[in-house]
Amino acid sequence: MYRANGTQINKTQATALVTAVPVTDPLVKVAEHIYEGVRPDGTDFPPRRRRLVFRKDQIIRTSELNACFPAPTIKSISPATGAAAGNTLVTIKCTNATPGTTVTFGGTAATSVVVEDESTITCRTPAKTAGAADVVVTNDSAGVTATGGFTYA
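All residue numbers refer to position in the chain's written sequence, counted from 1. This being a predicted model, a pLDDT of at least 70 is required before a residue's local features are given, and a value of 80 or more before pairs of side-chain atoms are given or counted; all residues contribute to the totals for chains, interfaces and linings. Only hydrogens and water are removed before side-chain values are computed, so all heavy atoms of the structure are retained for them.

The subject of this paragraph is the packing of aromatic side chains. Each pair of aromatic rings taken from Phe, Tyr and Trp, with Trp reduced to its six-membered ring, is defined by centres within 6.5 Å and is described as stacked if the planes are under 30 degrees apart, edge-to-face if over 60, and tilted in the remaining cases. Under the definition given, this model contains 2 aromatic pairs. Each ring, one from phenylalanine 105 and one from phenylalanine 150, has its centre 5.4 Å from the other, and the planes form 80°; the classification is edge-to-face. With a gap of 45 residues between them, phenylalanine 105 in strand E8 (residues 102–105) and phenylalanine 150 in strand E13 (residues 143–152) connect regions that are remote in the sequence. A 1.4 Å probe rolled over the protein chains alone gives each residue an accessible area, and that area as a share of the maximum for its type sets the label: buried under 20%, exposed over 50%, partly exposed in between. The exposure class assigned to phenylalanine 105 is buried, which follows from its relative accessible area of 0%. What links up through ring pairs into an aromatic cluster is the set Phe105, Phe150 and Tyr152. Strands are runs of DSSP state E lasting at least two residues, helices are runs of H or I lasting at least four, and both sets are numbered from the N terminus onward.

The pairing criterion for strands is at least two bridges between them, as found by DSSP. The mixed open sheet is built from 5 strands, whose spatial order is E6-E13-E12-E8-E9. Bordering the open sheet on either side are strand E6 (81–82) and strand E9 (108–109), each of which pairs with just one other strand. Where E6 and E13 come together, 2 bridges link them in parallel fashion. Following the sheet pairing, glycine 82 is matched in E13 by tyrosine 152.

Along the chain, threonine 104 turns up in strand E8. According to the relative accessible area criterion, threonine 104 is partly exposed, its value standing at 21%. Taking the C-alpha atoms as reference points, threonine 104 and valine 136, separated by 32 residues in sequence, lie 5.2 Å from one another. Note on contacts: a residue pair qualifies if any of its non-hydrogen atoms lie within 4.5 Å across the two residues. Those residues in contact with threonine 104, other than ones at most four positions away along the chain, are Ala109, Ala110, Asp134, Val135 and Val136.

This is the structure in structure tokens:
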């Protein structure tokens, strides 16, 4: 090893010339093939065909994996009002719903949550006091809030 001026250096001298860089996006090794669904007609859920995204033993950045699982968005909540006693059947139009996505109304979990596909969730409202309640849809990546998205009467 040599310095820019041509003088030879040892390991101790070379170590003094480097600075540790924090790892903010670590590398990970894929343990088995990971696929994404392919829906040519946009109607299959779960999809019937798949495309290889990451192959077994491939080294990828954590951010590459995370990018495959975007946060949800809420497009609409219907109906937007219901009884304070709860049990109103609600349909939430959204994006990026995945199996296991949860819904809360004013901090209380909805019941009978069904992810119909990545853009539709049905559920039943919990009982709450009258007034507006925030609706939160959470997939395994993040949550999104519709502030005052449902009103209890």
